[in-house]
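As a plain string of letters, each chain reads:
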Amino acid sequence: MLTLHGIIELRDYVKHWRITGQRIAFVPTMGNLHAGHLHLVERAHEFAERVAVSIFVNPLQFGPNEDFKNYPRTLEADKIQLAAAGVDLLFAPSLDEMYACDWEKITRVEVPGLASILDGKFRPGHFAGMATIVVKLFNMVQPDVALFGEKDYQQLVVIRRLVADLCIPVKIVGVPTVRGADGLAMSSRNQYLTASERELAPLLFRTLGKLVQALNDGRRDFQRLESEAVRKLSAVGMRPDYVAIRAAGTLATPDEVTGNFVVLAAAWLGKTRLIDNIEVHTTVASEHVGT
Ligand code: AMP
């Protein structure tokens, strides 16, 4: 596996692949890799002859009180895992390489509406920062396919929208969330959890699972279901930012004819912010509206 740190070298290298007719699948990450990231890499091989991964902790998508400085950076260990997973190219640029000018003043990609609901409401500027770096990386790597985890469901919806709106010629593939045996979604931030918090953390997934069951049972009293879930999480000491039932794919507020849902939640556990979601494709008619 080749590791490159410069944009010019990266462009040269991918140009060689392009002119020899090789397709490129791309997996952007912030590093500190775990089984979730490696599953994206594994899937990437299905779509192209060449697989490129980026590792860049992007300051633009962190709020002023968030964990940019402390975010775990483990480049050497990540390289070993990526080489073992058959990755052809790792792009690991420095902050200066990615943001030659002052990154706080850079042109940004805004995705109105979608970027200000749910996580966007609690993390102002996060999605514009993420969208901007993803577009920059797409312009550098010029992949045919890019893979993103469904764990960051809203991120995936935002990326699909910006790719469509800006006519970026890349196929976006969503990959199901990789979880621990107890259901907790794998995340680089899980290592911030203390031992007792780690034990409690799977409750987020279990609570979403109960919402899935309620929707499958035909319940459509969305607000009540959301408040019950918030109460349940708060009762064990989590501090939920939101629990939301939305239409799958669009994140629109559902109504009684919606059949495909996604249930999403973000909750603080100590100093760690956990997010998770589950898609639900119901077949039951909404007989119990208002129950
Ligand atoms: P990150 O390094 O957290 O920016 O994540 C890089 C990519 O890995 C994103 O597309 C994430 O959605 C994806 N990802 C993170 N955790 C998981 C997981 N547990 N399962 C599947 N994909 C994941």
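All figures in this text were calculated on a predicted structure; none of them were measured in a lab. (Residues numbered from 1 in each chain as written. Predicted model: local features only at pLDDT ≥ 70, side-chain atom pairs only at ≥ 80, totals over all residues. Heavy atoms only, no water.)

Draft legend 1. Focus on the site of the ligand. Within the structure, the ligand sits among 17 residues, and H37, G149, D152, V178 and M186 are positioned closest to it. One of the backbone N or O atoms of M30 is found 2.9 Å from an oxygen atom in the ligand. In this structure, V178 approaches the ligand through a main-chain N or O atom, which is 2.9 Å from a nitrogen atom. Out of a free accessible area of 480 Å², the ligand has 92% covered by protein chains. (Near = heavy atom within 4 Å. Polar contact = N/O pair within 3.5 Å; in protein donor to acceptor, adjacent residues only side chain to side chain. Areas by Shrake-Rupley, 256 points an atom, 1.4 Å probe, with all protein chains shown as cover.)

Draft legend 2. Just the sheet that holds strand β5 (residues 145-149), in detail. Pairing is parallel in the open sheet, where six strands are placed in the order β1-β4-β3-β2-β5-β6. In this open sheet, the two edge strands, each paired with only one partner strand, are β1 (2-4) and β6 (171-175). Averaged over all pairs of adjacent strands, the angle between their axes in this sheet comes to 25°, without regard to strand direction. For strand β2 (residues 24-29) and strand β3 (residues 50-55), the ladder comprises six bridges, and the chain directions are parallel. When the sheet's bridge partners are listed, P28 is paired in β3 with S54. Contacts from helix α1 (residues 7-19) reach β1, β2, β3 and β4 (89-91) within the one sheet, and its direction differs from that of β4 by about 150°. (Pairing = 2+ DSSP bridges. Helix = DSSP H or I, 4+ residues; strand = E, 2+ residues; numbered from the N terminus. Axes fitted to C-alpha atoms, helices over the stretch in contact; angles between N-to-C directions. Contact = heavy atoms within 4.5 Å.)

Draft legend 3. Quick look at helix α6 (residues 126-141). The end-to-end C-alpha distance of α6 is 22 Å, a good match for the 22 Å that 16 residues give at a rise of 1.5 Å each. Extensive coverage of α6 is indicated by the burial of 15 of its 16 residues. Of the residues one or two after α6, Q142 is the one with positive phi, at around 50°. (Expected span 1.5 Å × (residues − 1). Buried < 20%, exposed > 50% of the residue type's maximum accessible area, 1.4 Å probe, protein only.)

Draft legend 4. Seen up close, the sheet that holds strand β9 (residues 272-281). Spatially, β7-β8-β9 is the arrangement adopted by the three strands of the open sheet, whose pairing is antiparallel. The open sheet has two edge strands, β7 (239-247) and β9, and neither has a second partner. When the angles between neighbouring strand axes are averaged without regard to direction, this sheet yields 10°. Sitting on the sheet, helix α10 (residues 222-235) is in contact with β7 and β8 (260-269), with an inclination near 155° to β7.

Draft legend 5. Region of interest: the packing of α6 against helix α7 (residues 153-165). The N-to-C vectors of α6 and α7 enclose an angle of 55°; their axes lie 11 Å apart at closest approach. Taken as axis vectors, α6 and α7 run oblique relative to one another. Read as a crossing pair, α6 and α7 show a hand that is right-handed. Residues F127, M130, A131, V134, V135 and F138 of α6 form the contact with α7, whose own contacting residues are Q154, Q155, V158, I159, L162 and V163. The class makeup of the residues in the contact of α6 with α7 is 10 nonpolar, two polar and no charged. (Parallel < 35°, antiparallel > 145°, perpendicular 65-115°, else oblique. Left-handed = near helix turned anticlockwise from the far one by under 90°. Nonpolar A, V, L, I, M, F, W, Y, C, P; charged D, E, K, R; others polar.)

Draft legend 6. Here's a closer look at the domain arrangement of the protein chain. Along its sequence, the protein chain is organised into domain 1 (2-175) and domain 2 (188-280). The C-alpha-based centres of domain 1 and domain 2 are spaced at 26 Å. Of the residues lining the interface, 21 residues belong to domain 1; the matching set on domain 2 comes to 19 residues. A combined buried area of about 1,700 Å² lies between domain 1 and domain 2, and 52% of that area is made up of carbon and sulfur atoms. Three residues stand out in domain 1 for area buried against domain 2, namely L118, F122 and Y153, and they jointly supply 38% of the buried area on that side. Counting the contacts that link domain 1 with domain 2 gives two salt bridges. (Domains from an automatic or database assignment. Buried area = accessible area lost by both parts, 1.4 Å probe. Salt bridge = Lys/Arg side-chain N within 4 Å of Asp/Glu carboxyl O.)

Draft legend 7. Main features of the pattern of salt bridges. Evaluation of the coordinates by the stated rule reveals 15 salt bridges. The closest approach of N and O atoms between D144 and R18, which form a salt bridge, is 3.7 Å. Here D144 is found in the loop between α6 and β5, whereas its partner R18 is found in helix α1, with 126 residues between them in sequence. Overall, the relative accessible area of 31% leaves R18 in the partly exposed class. R219 is the partner of D221 in a salt bridge, and the nearest nitrogen-oxygen pair spans 2.8 Å. On the basis of relative accessibility, which here comes to 23%, the residue R219 falls in the partly exposed class.

Draft legend 8. Quick peek at the packing of aromatic side chains. Per the stated rule, a full pass over the model turns up eight aromatic pairs. Aromatic side chains F56 and Y99 sit 6.0 Å apart centroid to centroid with 50° between the ring planes, which places their arrangement in the tilted category. Placement of the pair is F56 in the loop between β3 and α3 (75-84) and Y99 in the loop between α4 (95-98) and α5 (119-122), with a sequence separation of 43 residues. Comparing F56 with Y99, the two get one shared label, buried. A network of ring pairs unites the aromatic residues F26, F138 and F148 as a single cluster. The ring of F68 is capped by R73, whose NZ or CZ atom sits 4.9 Å from the centre of that ring. (Phe/Tyr/Trp six-rings, centres within 6.5 Å; stacked < 30°, edge-to-face > 60°. Lys NZ or Arg CZ within 6 Å of the ring centre and 35° of its normal.)

Draft legend 9. Representation of the nonpolar core within the structure. Membership of the largest hydrophobic core comes to 49 residues, with the highest contact counts inside it found for M98, F138, F148, V163, I172 and L251. Only α1, β2, β4, α6, β5, α7, β7 and β8 provide two or more residues apiece to this core. Aside from chain neighbours lying at most four places away, what touches L251 is L114, I117, L118, Y153, Q154, V157, R246, V262 and L264. Counting 25 residues, the second-largest nonpolar core is a separate cluster that includes V212, L233, F261 and I278. (Core = buried A, V, L, I, M, F, W, Y, C linked by side-chain atoms within 4.5 Å.)

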